[in-house]
Amino acid sequence: MIYWDSKAGKSSVIDIEKLFDERETTMTRPSAHKLSVEDEFIMLLMKLRMRLSNTDLAERFCVSESSVNNINLTWVNFVYLVIGTLKIWPHRDIIIKHSPEEFIKEYPNNIVIVDATELKIQVPSSLQKHSETYSTYKSHTTFKSLIGVDPNGGIMFVSQLFEGSISDKQIVQRSGFLETVKQKVQCGELKEGDAIMADKGFDIGDDLAKVKLKLNIPPFLRDKVGFEEHDVIKTQTIARHRIHVERAIGKVRRFKIFHSVIPVSMFGSINQIWSVACYLSNFLNPVLSKDEISPKT
């Protein structure tokens with residue numbers, strides 16, 4: 001680990017294998033850093049979870065505000081790289097084995113539920129950037145990310161943040177989700193006939209058909225004519241199960257750093273911050289209770 005602010009840090013690197021080893025007491029650290037690695041990590045978590053200001057954190061940890069900023073920048077990139085190497089997309093058999101009984105009964109081969117979410121951002125000074133990031137859905141400038149969860153609400157896929165004007169279909173194509181799905185099919189972690197659940201805005205049926213996967217979406221309302229009872233039931237069941245992805249996104253939004261408009265000063269690190277929060281949310285309590293996963297008979 002090399003700290004962003006320290007020239008001396010370039011010649012003093014922390015051994016990550018011994019990062020939290022309590023038996024190791026002779027770890028070499030840049031002299032400019034007074035905090036232990038545990039305290040620096042706690043500082044990052046407090047910044048993300050509680051949205052404490054740099055001034056507040058500086059007072060709590062008895063360091064300067066610039067040190068707080070540099071430590072958090074270093075750690076969010078470090079955690080992004082380390083946790084980002086973890087495999088968060090399980091094999092289809094594992095997903096189906098642990099899926100809620102009701103879900104498997106209605107959608108036996110549905111592996112992942114996808115949805116997009118938006119973060120409000122400070123209005124860019126550039127008119128072009130303002131136009132690109134303006135979301136008609138939010139009536140505000142935003143960044144947009146694609147999230148994929150398993151039937152229990154565990155996050156399996158996180159895309160980078162895109163400009164708010166991007167459509168649902170475009171974000172699926174540009175996020176790398178389709179490439180990930182193809183790789184999963186090729187290596188046997190997905191099988192032909194498996195399905196992906198999405199809202200009707202994700203018009204990607206043709207893309208999934210190329211790898212012989214299905215798309216579960218609510219029926220399109222064609223001027224509300226010919227909307228049969230079967231379509232109503234299907235829409236209701238999909239909506240009931242899609243709420244799991246909304247709950248998963250809600251867990252990420254518990255990190256208070258996303259409770260206010262993202263300032264321009266954070267644009268350089270917001271992708272890492274967003275991904276880290278998504279990864280960490282998987283360590284929180286699941287969105288479904290045990291009774292919801294295995295209903296009592």
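Since the model is a prediction, treat every value here as computed from it, not as a measurement.

Undergrad: Where do I start with the pattern of salt bridges in this structure?
TA: Opposite charge on two side chains allows them to pair when their charged atoms are near. One pass over the full model with this rule turns up 13 salt bridges. Notably, a salt bridge pairs Asp-56 with Arg-60, separated by 2.5 Å at the nearest N-O pair. Taken together, the positions of Asp-56 and Arg-60, both in helix H2 (residues 54-61) and four residues apart, correspond to about one turn of that helix. Look at Arg-60 and you get partly exposed, because its relative accessible area is 46%. Here Glu-192 makes a salt bridge to Lys-212, at a shortest N to O gap of 3.9 Å. Pair noted here: Glu-192 is in the loop between helix H8 (177-186) and strand S6 (195-197) and Lys-212 is in the loop between helix H9 (205-209) and strand S7 (214-216), with a separation of 20 residues, a long-range link. Neither Glu-192 nor Lys-212 differs from the other in exposure class; each is exposed. In the salt-bridge network here, residues are joined through shared partners; they are Lys-87, Lys-184 and Glu-189.

Undergrad: Can you help me understand a nonpolar patch on the surface in this one?
TA: A contiguous nonpolar patch, built from Tyr-80, Leu-81 and Val-82 and spanning about 270 Å² of accessible area, is present on the exposed surface. Position of Tyr-80 among the secondary structure elements: in helix H3 (residues 65-83). Judged by relative accessible area, Tyr-80 falls into the partly exposed class, the value being 32%.

Undergrad: It is not clear to me how unusual backbone geometry should be interpreted in this structure. Could you clarify?
TA: Among all residues except glycine, the phi angle is most often negative; among peptide bonds, the trans geometry is most common. Residue Arg-51 is not a glycine yet carries a positive backbone phi of 55°. The backbone phi angle of Cys-62 is positive, close to 60°, even though this residue is not glycine. By secondary structure assignment, the location of Cys-62 is in the loop between H2 and H3.

Undergrad: Looking at this structure, I do not really get the packing of helix H1 (residues 37-50) against H2. What am I missing?
TA: Helices that pack against each other are described as a pair by the angle of their axes relative to one another and the distance between those axes. Between H1 and H2, the least distance of the axes is 11 Å, while the angle of their chain directions is 150°. Relative to H2, H1 is oriented roughly antiparallel. Both H1 and H2 take part in a crossing whose hand is right-handed. Counted together, Asp-39, Ile-42, Met-43, Met-46 and Lys-47 of H1 and Asn-54, Leu-57, Arg-60 and Phe-61 of H2 form the full contact between these two elements. Classifying every residue of the contact of H1 with H2 by side-chain character gives five nonpolar, one polar and three charged.

Undergrad: Where do I start with the packing of aromatic side chains in this structure?
TA: Think of a pair of aromatic rings as described by two things: how far the centres are apart, and how the planes are tilted against each other in angle. In total, this model carries seven aromatic pairs according to the counting rule given. Arranged with centres 5.2 Å apart and planes meeting at 80°, the rings of Phe-157 and Phe-177 form a pair that is edge-to-face. Highlighted residues: Phe-157 in strand S4 (residues 155-158) and Phe-177 in helix H8, separated in sequence by 20 residues. Each member of the aromatic cluster is reached from another via a ring pair, and the members are Phe-41, Trp-75 and Phe-78.

What counts, and at which threshold
- Each chain has its residues counted from 1, following the order in which its sequence is written.
- Given that the model is predicted, a residue must reach a pLDDT of at least 70 before its local features are reported, and side-chain atom pairs must reach 80 or more before they are shown or counted; all residues, however, enter totals for whole chains, interfaces and linings.
- Note that the side-chain values use all heavy atoms of the structure and ignore hydrogens as well as water.
- Throughout this description, the term salt bridge denotes a Lys or Arg side-chain nitrogen within 4 Å of a carboxyl oxygen of Asp or Glu.
- Starting at the N terminus, helices and strands are each numbered in turn, a helix being any DSSP run of H or I of at least four residues and a strand any DSSP run of E of at least two.
- Throughout, exposure labels follow a simple rule: accessible area from a 1.4 Å probe, protein chains only, divided by the maximum for the residue type, with under 20% read as buried, over 50% as exposed, and the rest as partly exposed.
- Within the patch definition used here, like charges are joined within 9 Å and nonpolar side chains (Val, Leu, Ile, Met, Phe, Trp, Tyr) within 5 Å, considering only residues with over 30% relative accessible area and no salt bridge.
- Shrake-Rupley sampling with a 1.4 Å probe provides the accessible areas, and residues are treated as covered by the protein chains on show and by no other component.
- The axes used here are C-alpha line fits, helices contributing only the stretch in contact, and every angle between their N-to-C directions lies in the interval 0 to 180 degrees.
- Small angles under 35 degrees read as roughly parallel and large ones over 145 as roughly antiparallel, with 65 to 115 read as roughly perpendicular and the rest as oblique.
- A clockwise turn of the near helix away from the far one marks a right-handed crossing, whereas an anticlockwise turn of less than a right angle marks a left-handed crossing.
- Any two residues whose heavy atoms approach within 4.5 Å are treated as being in contact.
- The residue classification treats Ala, Val, Leu, Ile, Met, Phe, Trp, Tyr, Cys and Pro as nonpolar and Asp, Glu, Lys and Arg as charged. All others, Gly included, are polar.
- Only the six-membered ring of Trp is used, alongside the rings of Phe and Tyr, when aromatic pairs are assigned; centres must lie within 6.5 Å, and planes under 30 degrees apart are stacked while those over 60 apart are edge-to-face, with the rest tilted.

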